[in-house]
Amino acid sequence: MSVLTRTAAVRGALTRTTVVRTRSLSLRVRFRPLAVTLLLALLAAASGALALTRDGLVPPAEVLGALFGAGSEQAAFVVLELRLPRVALGLVVGAALGAAGALFQQLSRNPLGSPDIVGFNSGAATGALLVLLHGNPAYVAVGAAGGGLATAVTVQLLARRGSFRGNRLILAGIAVGSLLTSVNAYLLTRAALDHAQSAQLWLTGSLGSTERHQILPALIALAALLLLALPLVRRLDLLEMGDEAAGGLGIEAGRTRVLVLLVAVGLSAVAVSVAGPIVFVALCAPQLARRLSRGTGTGLLPAAAMGALLLSASDLVAITLPTAGPLPVGVVTGALGGVYLAWLLGRRRRR
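This structure is a prediction, so every number in the text was calculated from the model and none was measured. (Residues numbered from 1 in each chain as written. Predicted model: local features only at pLDDT ≥ 70, side-chain atom pairs only at ≥ 80, totals over all residues. Heavy atoms only, no water.)

Caption draft 1: Geometry of the packing of aromatic side chains. Under the counting rule described, the total for this entry stands at two aromatic pairs. Plain terms: the ring middles of phenylalanine 104 and phenylalanine 120 are 4.6 Å apart, the flat faces sit at 15° to each other, and that makes the pair stacked. Placement of phenylalanine 104 in helix H4 (residues 73-108) and of phenylalanine 120 in helix H5 (residues 120-134) is noted, with a sequence separation of 16 residues between them. In terms of burial, phenylalanine 104 and phenylalanine 120 fall into one category: buried. (Phe/Tyr/Trp six-rings, centres within 6.5 Å; stacked < 30°, edge-to-face > 60°. Helix = DSSP H or I, 4+ residues; strand = E, 2+ residues; numbered from the N terminus. Buried < 20%, exposed > 50% of the residue type's maximum accessible area, 1.4 Å probe, protein only.)

Caption draft 2: Up close: the packing of H4 against helix H9 (residues 215-238). Look at H4 against H9: their axes get within 10 Å of each other, and the N-to-C directions meet at 20°. Here H4 is positioned roughly parallel relative to H9, judged by the angle of their axes. In the packing of H4 onto H9, the handedness of the crossing is left-handed. Where H4 abuts H9, its residues Pro85, Ala88, Leu89, Val92, Ala95, Ala96, Ala99, Leu103, Gln106 and Leu107 lie against Ile215, Ala218, Leu219, Leu222, Leu226, Ala229, Val233, Leu236 and Asp237. Along the lines of polarity and charge, the residues of the contact of H4 with H9 split into 17 nonpolar, one polar and one charged. (Axes fitted to C-alpha atoms, helices over the stretch in contact; angles between N-to-C directions. Parallel < 35°, antiparallel > 145°, perpendicular 65-115°, else oblique. Left-handed = near helix turned anticlockwise from the far one by under 90°. Contact = heavy atoms within 4.5 Å. Nonpolar A, V, L, I, M, F, W, Y, C, P; charged D, E, K, R; others polar.)

Caption draft 3: The arrangement of the pattern of salt bridges in detail. Counted according to the given criterion, the structure contains two salt bridges. A salt bridge links arginine 212 to glutamate 81; its shortest N-O distance comes to 2.8 Å. Placement of the pair is arginine 212 in the loop between helix H8 (193-204) and H9 and glutamate 81 in helix H4, with a sequence separation of 131 residues. Take arginine 212: its relative accessible area is 48%, and that puts it in the partly exposed class. What makes glutamate 81 partly exposed here is its relative accessible area of 36%. (Salt bridge = Lys/Arg side-chain N within 4 Å of Asp/Glu carboxyl O.)

Caption draft 4: Highlighting a nonpolar patch on the surface. Residues Leu149, Val153, Leu157, Val258 and Leu262 make up a contiguous nonpolar surface patch of about 410 Å² in total accessible area. Taken together, the elements giving at least two residues each to the nonpolar patch come down to helix H6 (140-158) and helix H11 (253-275). In terms of residue count, the dominant contributor to the nonpolar patch is H6 (three residues). Checked against the element boundaries, leucine 157 lands in helix H6. (Patch = residues over 30% accessible without salt bridge, like charges linked within 9 Å, V, L, I, M, F, W, Y side chains within 5 Å. Areas by Shrake-Rupley, 256 points an atom, 1.4 Å probe, with all protein chains shown as cover.)

Caption draft 5: Representation of the nonpolar core within the structure. Core analysis: the biggest nonpolar cluster contains 60 residues, and Val93, Leu103, Leu267 and Ile278 have the highest contact counts within it. Mapped by element, the contributors of at least two residues to this core are helix H2 (31-52), H4, H6, helix H7 (166-189), H9, H11, helix H12 (281-293) and helix H13 (300-320). When sequence neighbours within four positions are dropped, the list of residues in contact with valine 93 reads Ala271, Val274, Ala275, Ile278 and Leu311. Formed by 17 residues, the second largest nonpolar core is a distinct cluster that contains Ala124, Ala125, Leu187 and Leu188. (Core = buried A, V, L, I, M, F, W, Y, C linked by side-chain atoms within 4.5 Å.)

Caption draft 6: How the structure looks around unusual backbone geometry. Even without being a glycine, phenylalanine 280 presents a positive backbone phi close to 75°. Relative to the helices and strands, phenylalanine 280 is located in the loop between H11 and H12. Phenylalanine 280 sits in the buried class, given a relative accessible area of 18%.

Caption draft 7: Representation of the environment of leucine 232 in the model. Relative to the helices and strands, leucine 232 resides in helix H9. When residues no more than four places from it in sequence are discounted, the contact partners of leucine 232 are Leu259, Val260 and Val263.

Caption draft 8: Spotlight on the confidence of the model for the protein chain. Looking at the protein chain as a whole, the pLDDT averages 80, with 84% of positions reaching at least 70. When mean pLDDT is compared element by element in the protein chain, H13 scores highest at 92, while helix H1 (residues 3-15) scores lowest at 44. Here residues 3-14 is modelled with pLDDT under 50, and outside its nearest four sequence neighbours on either side it reaches five contacts, counting other chains as well. (pLDDT = per-residue confidence, 0-100.)

Caption draft 9: Representation of H12 within the structure. Counted at 1.5 Å a residue, the expected span for H12 with its 13 residues is 18 Å, and the 18 Å between its end C-alpha atoms agrees. Among the residues of H12, Val281, Ala282, Leu283, Cys284, Ala285, Pro286, Gln287, Ala289 and Ser293 are the ones counted as buried. Positive phi appears at arginine 294, one or two residues downstream of H12, with a value of about 55°. (Expected span 1.5 Å × (residues − 1).)

If you want it as structure tokens, here you go:
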């Protein structure tokens with residue numbers, strides 16, 4: 001078989017599509033996005049493994065022993081108590097941000113429609129700050145979800161003629177996000193000094209204060225929201241044909257958008273409640289995943305896997321840079337996001 005024939009065969013396999021049907025669900029699976037998702041997930045896991053074995057304090061053999069309960073007490077403490085919670089939560093938060101960005105961008109039909117750009121992360125941060133500074137930290141997730149949902153409703157009312165689409169939603173979100181950023185700064189000025197310092201670090205986006213008990217609730221919430229989103233993705237993609245055409249196929253446009261918005265806000269709240277408003281991951285992950293998978297539509301799972309890889313790799317950079325103290329991961333994602341936007345502008349300019 002010639003090289004050209006083999007290449008054509010591989011391309012044909014990657015572009016193949018199969019349909020998986022159950023009594024209540026029908027999914028069309030494309031092999032290339034599935035392969036990209038698996039590859040990105042493996043790379044994210046590899047990045048997490050590097051974070052567990054960083055600085056040579058615990059050799060790789062002892063890391064494996066600690067993970068399977070066969071290592072020394074010192075290795076088990078370092079790996080299971082100090083490093084593994086941060087790595088695991090970074091993967092969960094990155095996946096939540098990537099999936100939320102994919103849903104928001106498809107919902108608004110705008111590549112800038114990510115939760116950190118249109119103000120939803122700022123709203124979730126405001127709700128979480130109100131609980132964190134004046135209430136019980138155990139209810140931070142509830143505050144983040146409430147703040148994100150209130151922001152989403154406000155933005156939608158301001159951009160009502162846009163019907164979740166177009167520049168009106170983006171402009172309204174930027175305006176509300178700027179206002180909420182000022183509110184967050186005001187809350188910090190009225191808080192006690194120790195509370196304000198920890199809250200300021202959290203607002204930058206940090207995984208440094210991760211604890212083991214946070215992992216399971218965040219993972220369950222992520223899995224539940226992704227399962228809720230999967231049946232909605234196909235309906236959301238069909239809305240690109242227009243509300244009337246989608247309505248002819250039995251899809252209620254308004255109901256679908258509201259459900260997608262609720263799921264996307266929930267994913268953002270999961271990320272913000274445990275790690276703060278980390279920027280640019282939700283913006284970059286769906287676009288990078290779409291370029292790799294060469295797919296159309298939402299691309300939910302590839303975006304989630306790309307988000308997990310981006311945040312895990314950024315946190316690995318944050319903990320290995322020779323800085324004076326621990327570097328919040330939000331600083332690294334902000335820098336990478338700026339580089340990505342500059343690259344996009346340069347690419348469009350060349351075109």
